[in-house]
Amino acid sequence: MDIIEYLQAQGVGSRKMCRLLLLQNRIEINGQRPPDDIADTLTPSILTIDGETLPTLPLPYFYILLNKPANVETSHKPVHYPSVFSLLPKNWQNIDIQAIGRLDADTTGVLLLTNDGKFNHFLTSPKNQVVKTYHATLKHPADNVLCQRLIDGVLLNDEQEIIKALSAELITPTLLALKIDSGKYHQVKRMVAAAGNRVEYLERIAIGNITVGNLNRGEWRFILPSELAISFQAA
Ligand code: URA
C-alpha cells in the first residue's frame with residue numbers, strides 16, 4: 001500500500017492533504033519519516049502529525065467491539081441522536097466503517113463494527129444463523145407461558161412465517177433472557193409484543209460468544225480475527 005493510501009485509510013484526510021503533509025515533513029510513522037510504501041502488516045503503528053499521535057486502524061481489515069450506550073443511532077445519518085460512529089476517534093469519522101446489524105437507539109450492548117464487507121455479510125446473512133443473546137426488561141411480570149410462546153414461535157406483523165426463539169428464560173419475573181438466530185427489524189420487541197408483553201429496556205448480551213467483557217457503555221476495543229474465528233467458524 002502506498003503511503004498516501006495508507007494515510008487516507010487512517011482518516012488523515014484527502015489525497016491532496018496527505019501529499020501536502022508529507023511534503024511538509026509533518027508526518028512520522030513509528031518515529032520516522034514515512035517510507036513510500038507501507039506493508040499492510042505494519043499496523044498498529046504510531047502515526048504522528050506535527051508531533052501529535054493519531055489512533056491507527058489495523059489494515060486492511062479491522063473489527064471493533066463497541067458497548068453501545070442508549071441514545072445513539074446505528075447509522076451514519078442519524079436523525080434524533082448522535083451516531084454510534086461518533087464514539088470512535090475523530091480521524092476515523094470519514095472512513096468507511098459499517099455496523100454489523102443494527103441496534104435500536106434505545107438498545108444497549110454488543111455491537112460490532114468493521115470495514116470487512118464479506119464478514120459483515122457472513123454475520124448478518126440469515127442462512128448462517130448466528131446466535132444473538134438479549135436481556136429484555138419486561139413491562140409486565142411474566143411466567144413460563146411467555147417463554148413457551150416465544151419458543152413455540154410467534155407471528156410478527158408483516159411476516160409470513162412464525163419466528164421461534166432458540167431459548168427464552170426468565171431471570172426474574174420482569175427480566176427475560178432470549179436467544180435468537182435471525183435479525184429482523186425490532187425483532188425482540190416485536191416478538192415479546194406478539195407473545196403478550198412489552199419490552200421496556202433491551203440489552204444485547206452477546207453475538208456468538210462475544211460479550212462486552214470489561215468495556216463500559218460507550219467504550220470500544222479492537223477485536224482480533226482469532227477471537228472472531230473462535231466464535232464464528234467461517235470468520
Ligand atoms: N431487537 C429489537 O427489537 N431491537 C434491537 O435493537 C435489537 C433486536
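Residues numbered from 1 in each chain as written. Predicted model: local features only at pLDDT ≥ 70, side-chain atom pairs only at ≥ 80, totals over all residues. Heavy atoms only, no water.

Enquirer: Break down the overall build of the protein for me, citing the residues and quoting the values.
Expert: Across its full length, the protein carries six helices and 11 strands. Expressed along its principal axes, the backbone C-alpha trace of the protein runs to roughly 70 × 35 × 35 Å. Out of the 235 residues belonging to the protein, those deemed buried represent 43%. Considering only residue pairs separated by 6 or more positions, the protein has 61% of its internal contacts joining residues 24 or more positions apart. In the structure as shown, the protein presents an accessible area of about 12900 Å², 51% of it carried by carbon and sulfur atoms. Distance between charge centroids for the protein: 4 Å, based on 23 positive and 24 negative side chains. (Helix = DSSP H or I, 4+ residues; strand = E, 2+ residues; numbered from the N terminus. Buried < 20%, exposed > 50% of the residue type's maximum accessible area, 1.4 Å probe, protein only. Contact = heavy atoms within 4.5 Å. Areas by Shrake-Rupley, 256 points an atom, 1.4 Å probe, with all protein chains shown as cover. Lys, Arg positive; Asp, Glu negative; His and termini not counted. Charge placed at Lys NZ, Arg CZ, Asp CG, Glu CD.)

Enquirer: Go over helix H5 (residues 187–194) with me, naming the residues and quoting the values.
Expert: One full turn of an α-helix is made of 3.6 residues, so residues set three or four places apart face in the same direction. Residues of H5 that are buried: Gln187, Val188, Met191 and Val192. The buried residues of H5 occupy an angular sector of 125 degrees when projected down its axis, which confines them to one face. Against strand E7 (132–138), helix H4 (144–152), strand E9 (175–180) and strand E10 (199–207) lie the buried residues of H5. (Arc of directions from axis to C-beta.)

Enquirer: For the pattern of salt bridges, give the residues involved together with the corresponding values.
Expert: One pass over the structure, following the stated rule, counts eight salt bridges. For Asp104, the salt bridge identified is with Lys189, shortest N-O distance 2.8 Å. Of the two residues, Asp104 sits in the loop between strand E5 (98–99) and strand E6 (108–114) while Lys189 sits in helix H5, which places them 85 residues apart along the sequence. Its relative accessible area of 19% is what places Asp104 among the buried residues. (Salt bridge = Lys/Arg side-chain N within 4 Å of Asp/Glu carboxyl O.)

Enquirer: Report on the site of the ligand, specifying residues and quantitative values.
Expert: Around the ligand, the neighbouring residues are Leu103, Asp104, Thr107, Tyr134, His186, Gln187, Val188, Lys189 and Leu202. A distance of 2.9 Å is found between an oxygen atom of the ligand and a side-chain nitrogen or oxygen belonging to Thr107. One of the backbone N or O atoms of Gln187 is found 3.4 Å from a nitrogen atom in the ligand. Compared with its free state, where it exposes 240 Å², the ligand has 96% of that area covered by protein. The dominant element in the shell around the ligand, judged by the number of residues it contributes, is H5, at three residues. (Near = heavy atom within 4 Å. Polar contact = N/O pair within 3.5 Å; in protein donor to acceptor, adjacent residues only side chain to side chain.)

Enquirer: Residue-level account of the sheet that holds strand E2 (residues 47–49), with values.
Expert: Strand order in the open sheet formed by three strands is E1-E2-E3, with antiparallel pairing between adjacent strands. The strands lining the two open edges of the sheet, one partner per strand, are strand E1 (27–29) and strand E3 (52–54). Recorded for the sheet is a direction-independent mean angle of 30 degrees between the axes of neighbouring strands. (Pairing = 2+ DSSP bridges. Axes fitted to C-alpha atoms, helices over the stretch in contact; angles between N-to-C directions.)

Enquirer: A description of the domain arrangement of the protein should follow, citing residues and the corresponding values.
Expert: Per the domain assignment, the segments making up the protein are domain 1 (3–54), domain 2 (63–126 + 213–231) and domain 3 (131–207). A separation of 48 Å is found between the C-alpha centroids of domain 1 and domain 3. (Domains from an automatic or database assignment.)

Enquirer: So, the nonpolar core: which residues are in play, and what are the values?
Expert: Grouped together as the largest cluster of nonpolar side chains are 51 residues, with contacts concentrated most on Leu7, Leu150, Leu176 and Val188. Here this core takes four residues from helix H1 (residues 3–9), the largest share from any one element. In this view, Val188 contacts Tyr134, Ala136, Leu178, Ile180, Val199 and Leu202; residues no more than four positions away in its chain are not counted. Ile100, Leu123, Val130 and Leu228 belong to the second-largest nonpolar core, a separate cluster that totals 16 residues. (Core = buried A, V, L, I, M, F, W, Y, C linked by side-chain atoms within 4.5 Å.)

Enquirer: Before we move on, could you go through the pairing of strand E8 (residues 167–172) and cite the residues and values that matter?
Expert: Bridging between E8 and E9 involves five bridges; their strand directions are antiparallel. Directly across from Thr172, in E9, lies its bridge partner Leu175. In textbook terms, the turn of a hairpin is the stretch between consecutive antiparallel strands, and for E8 and E9 this stretch comprises two residues.

Enquirer: Tell me about H4, and name the residues and values.
Expert: For H4, every residue scored as buried is listed here: Leu146, Cys147 and Leu150. Angular distribution of buried residues about the axis of H4 spans 100 degrees; they occupy a single face of the element. If you follow the buried residues of H4, they end up packed against E7, E8, E9 and H5.

Enquirer: Break down the environment of Pro58 for me, with residues and values.
Expert: Mapping Pro58 onto the fold places it in the loop between E3 and strand E4 (63–68). Measuring from C-alpha to C-alpha, the distance between Pro58 and Leu224 comes to 9.8 Å, with 166 residues separating the pair along the chain.

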